[in-house]
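Geometric and topological summary
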Amino acid sequence: MLLLCIVCGLLALIGSKPCDSLGTDDSELLLSLNKQLLRSLEDQGTSPNPSVHLALRLSTHHNLEKENDHLNALKTHLHKDIESSLANRDPVVGRLALYTLALKASCFDLHSLTFTVNQMSEKLLTHLKREMEKEKEHIVFSDRPKTNYYQYSLGMLALCVSGVRDNSHVTNKLIKAVERGHIKQGDSDCIDTLAMAGMALQCLKEFDTEVQDAALDKALGVIKQKLLDSQRADGHMGNEFSTGLAVQALLAMGSQVQMCDTSMKAMRSDVRKGTYGNPMAMSQALPALQHKSYLQIKGKQCRDEDGNLVLEATTEPVTVLLSHTSVPLKVEVVKYHSGPDLYHVDIPKGISLVDALDLLQKKNVGFMFEKENSLWGPFLSTVNGERARQTDRRYWRISSDGNALSQGIKDFKIDMAQKITIENTSY
Ligand code: B12
């Protein structure tokens, strides 16, 4: 009997292919995703992106020249951008945190960087710490941060991997939010945010191993369970775009890679299908696919890096031919205090929602919209003259035939007749 058990055990071990033993095809696939991410730096239309930088720096393969150029672009453009947000008192903690993580991932001396606001020069980490204090005060008075718990967690993570200890009140606010189930998007748990909170809290746990903190351990346990429970039958945790962060968090919390095997498979299939076309999506998935997490930035040495990531010369730019097939599209706008307005427009099959909205606007039928740039691309901010303001906790929620979109207006392509609803919603 014992022998039988041992044989069965061995067979099971051989049979269950651990996901860190990537086959050649998988390695090629990840290399192609890595190259796509590197190529996204060449897109002249976009600003330097700290999340992309982070993923490139965490990767196993590098193009040190391009990464260095990108670091310099971040230090000029993003730096100025954050400086003016600080001067205008705009919410900035998420971008400040991502910038810190990107610099740290390049082993840049964080103490040498300052922001000058109202003629006062202060170190980057001093600003980040102060912004976190302000966020914490906002939680005290309004029960939520000025930005959101995703950015709050990013801020905690950035300070932690930079070796700065948070004020314990800042940490406790996140622990309490997890405990009370406040990490939500609408009525459901927000997996992206839980994952980011998990990485931030795990970093703190490893900061001082002498100190035992039962509340911290409990919060980590809750997060881990929620991430595991969020797994769908197809392997994704949450949706396609939160799975990368969820896997990163589970790995950071010490889960064996095998535990994430089905999620890894789902993500590899997404890479094959081209789901991660947006550089932000690639940047959150690639570290997970390479079995890494943002926590690894902490110990990053930047020595002996493999610089074999070479981009092949590009062929002629692909000219996208517009389809002759036309698709009827209905667009419904639901403003804050008024009933729905319905519009109709015929569009070429396969164009993006933003291009479709542009066509509708040009028909001069009363539909108008404005967008704002973000790291994920254009964010729909104003429709028919009404602005859904994040300061009022409102946004234009977009759905197709009643189902919330999982992509933004630039990435969502329209292949068939449908009704797009754009509704001013609170969150
Ligand atoms: C919080 C959040 C929101 C909040 C942001 C406001 C706030 N202050 O909290 C609200 C509720 C408004 C929101 C809305 C939407 N979101 Co959202 N959001 C997030 C989340 C959890 C964190 C974003 C963040 O703070 N990043 C950190 C800062 C530093 O980066 P940032 O770029 O400066 O952040 C701003 C933008 O990202 C913008 N934003 C937020 N969501 C989206 C989505 C898109 C497509 C764009 C272009 C911009 C954008 O708001 C952020 C705060 O100002 C991410 C999760 C993730 N994995 O990134 C999802 C995420 C980015 N959102 C997503 C989606 C799909 C949407 C919606 C399209 C949902 C819908 N059906 O309407 C809408 C956007 C519609 C529009 N008007 O254009 C997806 C995007 C996936 C993709 N492939 O494009 C993500 C990845 C979640 C997911 N796993 O599905 N979101």
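Note that the structure is a prediction, hence the values are computed from the model and not measured. (Residues numbered from 1 in each chain as written. Predicted model: local features only at pLDDT ≥ 70, side-chain atom pairs only at ≥ 80, totals over all residues. Heavy atoms only, no water.)

Remarks on the packing of helix 7 (residues 149-161) against helix 9 (residues 191-207)
For the pair helix 7 and helix 9, the least separation of the axes is 8 Å and the interaxial angle reads 25 degrees. Classed by the angle they form, the pair helix 7 and helix 9 counts as roughly parallel. The two elements helix 7 and helix 9 cross, and the hand of that crossing is left-handed. Here Tyr149, Tyr150, Ser153, Leu154, Met156, Leu157, Cys160 and Val161 of helix 7 lie close against helix 9, whose contacting residues are Asp192, Thr193, Met196, Ala197, Met199, Ala200, Leu201, Cys203, Leu204 and Phe207. (Axes fitted to C-alpha atoms, helices over the stretch in contact; angles between N-to-C directions. Helix = DSSP H or I, 4+ residues; strand = E, 2+ residues; numbered from the N terminus. Parallel < 35°, antiparallel > 145°, perpendicular 65-115°, else oblique. Left-handed = near helix turned anticlockwise from the far one by under 90°. Contact = heavy atoms within 4.5 Å.)

Looking at the nonpolar core
In globular proteins that are soluble, nonpolar side chains generally tend to be buried together. Tyr99, Met156, Leu157, Met199, Leu201, Leu227 and Tyr294 are the most contacted members of the largest nonpolar core, which has 93 residues in total. Once residues lying within four places of it in the same chain are set aside, the contact partners of Met156 are Met132, Asp166, Val170, Thr171, Leu174, Ala200, Leu201 and Leu204. Core analysis: the next-biggest nonpolar cluster, separate from the first, contains 26 residues, Val345, Phe369, Phe412 and Ile422 among them. (Core = buried A, V, L, I, M, F, W, Y, C linked by side-chain atoms within 4.5 Å. Buried < 20%, exposed > 50% of the residue type's maximum accessible area, 1.4 Å probe, protein only.)

Considerations on the confidence of the model for the protein chain
With 92% of its residues at a pLDDT of 70 or more, the protein chain shows a mean pLDDT of 91. Confidence drops under a pLDDT of 50 for residues 1-20, and excluding neighbours within four residues, the segment shows 10 contacts in the predicted structure. (pLDDT = per-residue confidence, 0-100.)

Things to note about the packing of helix 8 (residues 168-179) against helix 9
Two elements in contact, helix 8 and helix 9, have axes separated by 11 Å at closest approach and are oriented at 135 degrees. It follows from the interaxial angle that helix 8 and helix 9 lie oblique. Here the hand of the crossing between helix 8 and helix 9 comes out left-handed. Side by side, helix 8 and helix 9 meet where Thr171, Leu174 and Ile175 of the first sit next to Ala197, Leu201 and Leu204 of the second. Among the residues forming the contact of helix 8 with helix 9, the class breakdown is five nonpolar, one polar and no charged. (Nonpolar A, V, L, I, M, F, W, Y, C, P; charged D, E, K, R; others polar.)

Details of the site of the ligand
In the region of the ligand, 33 residues are neighbours, and Asn148, Gln151, Asp192, Asn239 and Leu405 sit closest. Contact distances for the ligand include 2.9 Å between a nitrogen atom and a side-chain N or O atom of Gln284. With respect to the ligand, the side chain of Tyr427 contributes an N or O atom lying 3.3 Å from a nitrogen atom. Those elements that place two or more of their residues in the shell around the ligand are helix 5 (93-105), helix 7, helix 9, strand 8 (377-383) and strand 10 (394-400). Among the residues forming the shell around the ligand, the class breakdown is 15 nonpolar, 15 polar and three charged. If you count residues domain by domain, the shell around the ligand takes at least three from each of domain 1 (23-297) and domain 2 (326-426). (Near = heavy atom within 4 Å. Polar contact = N/O pair within 3.5 Å; in protein donor to acceptor, adjacent residues only side chain to side chain. Domains from an automatic or database assignment.)

Quick look at the sheet that holds strand 11 (residues 403-404)
Read across the open sheet, the five strands follow the order 6-5-12-10-11; overall the sheet is mixed. Two strands bound the open sheet, and with one partner strand each, they are strand 6 (340-348) and strand 11. With seven bridges connecting them, strand 10 and strand 12 (residues 418-426) associate as antiparallel partners. In the sheet register, Ser399 faces strand 12, and the bridge partner there is Thr421. (Pairing = 2+ DSSP bridges.)

Notes on the domain arrangement of the protein chain
As assigned here, the protein chain comprises domain 1 (23-297) and domain 2 (326-426). Using only C-alpha atoms to locate each centre, domain 1 and domain 2 end up separated by 28 Å. Both sides of the domain 1 and domain 2 interface together cover about 920 Å² of buried area, and 55% of this is carbon and sulfur. By the criterion of area lost to domain 2, the three top residues of domain 1 are Phe241, Asn278 and Met280, representing 46% of everything that side buries. At the surface where domain 1 touches domain 2, the tally comes to zero salt bridges. Scanning the region where domain 1 abuts domain 2 turns up four residue pairs in polar contact (both at pLDDT 80 or more). Among the elements that take part in the side of domain 1 that touches domain 2, helix 13 (residues 279-289) stands out by supplying three residues, more than any other. The residue makeup of the side of domain 1 that touches domain 2, split by class, is six nonpolar, six polar and two charged. (Buried area = accessible area lost by both parts, 1.4 Å probe. Salt bridge = Lys/Arg side-chain N within 4 Å of Asp/Glu carboxyl O.)

A short note on the state of the cysteines
Scanning the model with the defined rule gives two disulfides in all. Note that Cys107 is cross-linked by a disulfide to Cys302, the S-S spacing being 2.0 Å. Here the disulfide of Cys107 and Cys302 is right-handed, its torsion about the S-S bond being about 85 degrees. Within this pair, whereas Cys107 is found in the loop between helix 5 and strand 1 (114-117), its partner Cys302 is found in the loop between helix 13 and strand 5 (326-334), the two being separated by 195 residues in sequence. Take Cys107: its relative accessible area is 34%, and that puts it in the partly exposed class. Among the residues examined, Cys302 registers a relative accessible area of 25% and is labelled partly exposed. There is a disulfide in this structure between Cys160 and Cys203, and the S-S distance comes to 2.1 Å. As the torsion about the S-S bond is roughly -95 degrees, the Cys160-Cys203 disulfide counts as left-handed. One end of the pair, Cys160, is in helix 7; the other, Cys203, is in helix 9, and 43 residues separate them in sequence. Once the disulfide-bonded cysteines of the protein chain are ranked by sequence position, their pairing pattern turns out to be 1-4, 2-3. (Disulfide = S-S within 2.5 Å.)

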